[in-house]
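Here is how the chains run, residue by residue.
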Amino acid sequence: MSNSVYSFFHSVEQSFDKAAKFTKWDKGLLEQIKACNSVYSMRFPVKMDDGRIEVIEAYRVQHSQHKSPCKGGIRFSDEVNQDEVMALASLMTYKCAIVNVPFGGGKGGIKINPKKYSAYELEKITRRYTSELVKKNFIGPGIDVPAPDYGTGEREMAWIVDTYSSLKPGDIDAAGCVTGKPISQGGVRGRKEATGLGVFFGIREVCNMPEIMAKVGLTTGVENKTVVVQGLGNVGYHSAKFFREAGAKVVAIAEFEGAVYNKDGINEEELFAHRKATGSILNFPGCTNLAKNTDALELACDILIPAALENVINHENAGRVQAKIIGEAANGPLTPEADEILAAKGIVVVPDMYLNAGGVTVSYFEWLKNLSHVRYGRMEKRFTENMNTHIVSQIEEVSGKKISDAERKIILHGPEEVDLVHSGLEETMIAATREIMDIWKNNADIPDMRTAAYVNAINKVATSYNELGIFP
Ligand code: GLU
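Summarised in this report is the structure supplied together with it. Since this is a predicted model, take the numbers as computed values, not measurements.

Definitions and cut-offs
- Residues numbered from 1 in each chain as written.
- Predicted model: local features only at pLDDT ≥ 70, side-chain atom pairs only at ≥ 80, totals over all residues.
- Heavy atoms only, no water.
- Near = heavy atom within 4 Å.
- Polar contact = N/O pair within 3.5 Å; in protein donor to acceptor, adjacent residues only side chain to side chain.
- Helix = DSSP H or I, 4+ residues; strand = E, 2+ residues; numbered from the N terminus.
- Nonpolar A, V, L, I, M, F, W, Y, C, P; charged D, E, K, R; others polar.
- Disulfide = S-S within 2.5 Å.
- Buried < 20%, exposed > 50% of the residue type's maximum accessible area, 1.4 Å probe, protein only.
- Axes fitted to C-alpha atoms, helices over the stretch in contact; angles between N-to-C directions.
- Parallel < 35°, antiparallel > 145°, perpendicular 65-115°, else oblique.
- Left-handed = near helix turned anticlockwise from the far one by under 90°.
- Contact = heavy atoms within 4.5 Å.
- Phe/Tyr/Trp six-rings, centres within 6.5 Å; stacked < 30°, edge-to-face > 60°.
- Lys NZ or Arg CZ within 6 Å of the ring centre and 35° of its normal.

**Remarks on the site of the ligand**
Taken together, 14 residues surround the ligand, and among them K71, K95, P148, D149 and S363 come closest. Take P148: an N or O atom from its main chain is 2.8 Å from a nitrogen atom of the ligand. N331 is positioned such that a nitrogen or oxygen atom in its side chain is 3.2 Å from an oxygen atom of the ligand. Listing elements by their share of the shell around the ligand, those giving two or more residues are α3 (82-98) and α12 (358-372). Residue composition of the shell around the ligand, by class: 4 nonpolar, 5 polar and 5 charged.

**Overview of the state of the cysteines**
Under the counting rule described, the total for this entry stands at 0 disulfides. This cysteine, C36, is not joined by any disulfide, and C70 carries the nearest cysteine sulfur, 10 Å off. For C36, a relative accessible area of 15% translates into the label buried. Left unpaired, C207 is separated from the closest cysteine sulfur, that of C301, by 12 Å.

**A few points about the packing of helix α6 (residues 194-207) against α12**
α12 packs onto α6 with a crossing angle of 125° between their chain directions and a minimal axis gap of 7 Å. The orientation of α6 with respect to α12, classified from their angle, is oblique. The handedness of the crossing between α6 and α12 comes out as right-handed. For the pair α6 and α12, contact is made by A194, T195 and G198 and by G358, G359 and V362, respectively. Split into classes, the residues belonging to the contact of α6 with α12 amount to 2 nonpolar, 4 polar and no charged.

**Re the packing of aromatic side chains**
Following the criterion strictly, the structure yields 11 aromatic pairs and no others. Pairing Y364 with F365 gives two aromatic rings, centres 6.1 Å apart and planes at 40°, and the pair type is tilted. Accessibility expressed as a relative area gives 19% for Y364, which makes it buried. The class for F365 is buried, based on a relative accessible area of 14%. Aromatic rings pair up to connect F103, Y364, F365 and W367 into one cluster. Over the face of the ring belonging to W25 we find K24, whose NZ or CZ atom lies 3.6 Å from the ring centre.

Quick look at the structure:
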């Protein structure tokens, strides 16, 4: 989707500059924050199943070390290039700052289409990439911690942690070298759905703000809102799921092969099963096919969620977007030109670097779990349940009334790992939304929510640099 003229990194710089004007920081400090500190571009050979040797192009970028470790996913895609990885690493720095996750930004990419390789070839590529990172000291629980991104998931993270651990025998914190791992390899419950759930929590909070909803001409709340989702990968799928479960209507879903529309709402789980069985989302019972996947972006709806790749809404199609709210679940789905066009139309854009921060927030929880070597809830679950039982029985005795079995089950329940992760994520997303909205509200010249989010991120990173004493 990117082309030779478009520079994603330049887009991020443009958004940064637009926001920097609303801050008081020294020009040199702003330049330092914007720059990518370390860029590792590598090439390595991998022998394919048919005996051929292929040279693999890959990257890891550490945008900022104002906090350690650096953090950010690794993507497998044909479109990977240095400019893209630099942009994505920068967004990670700002994202972590906004949600108060104490990491610097990083990102990795391998320029392959994973669909064209066997599982064994992908394993060899991933393991070799990891050992290249180890050789250059570009990975480690206190250095740089990758995670899943576009085209990667739990399986790849398991290969990474296994390769790292075998090269660092005796490192008791080795599991913290990567997040998004399967539970059996040190993963945390709730990581898989984290980005989609964070997208939902963030937009729900925006939808609960009367002044924003009045601005876009909608009633408050997400119930009965019409939603269009672009992308049925991990993020799109889970975003659609949480909106549907909250009573919104997901009227269209788009993928590579096209889009499907149903004014009464689509069940993403059934659509996913249909795609698995037929190889395509098209011809899903009850839905109309849309010829081009990009047609979905232009449908009339309340909330549009691009959850695939960057640069999908640009100067060419932004004028035709009819949504009232756009939630950037993907990284960089809108270009700065699109931002201007949409702002002029009064559309509220909820920006990527905070809206999709649910993934890295729960990665932070996973990393803490790995360093503390204990599952969340293990210490307090039983204690809380015993205490709740005691309280309920006292209330029943004093009041002479019994509570229902259903109520008892809810009240007595002590927190499991997934409960704590979801509530930590909910709190994080609500707090981040309010912080950004306060900045936006308190400065009438700030044109949009993205700029307010950047102002917040710049202030936090600059404060941290200042506190390090780098710029006395
Ligand atoms: N790849 C995800 C992102 O872009 C998650 C990163 C992480 O968990 O470190 O935010």
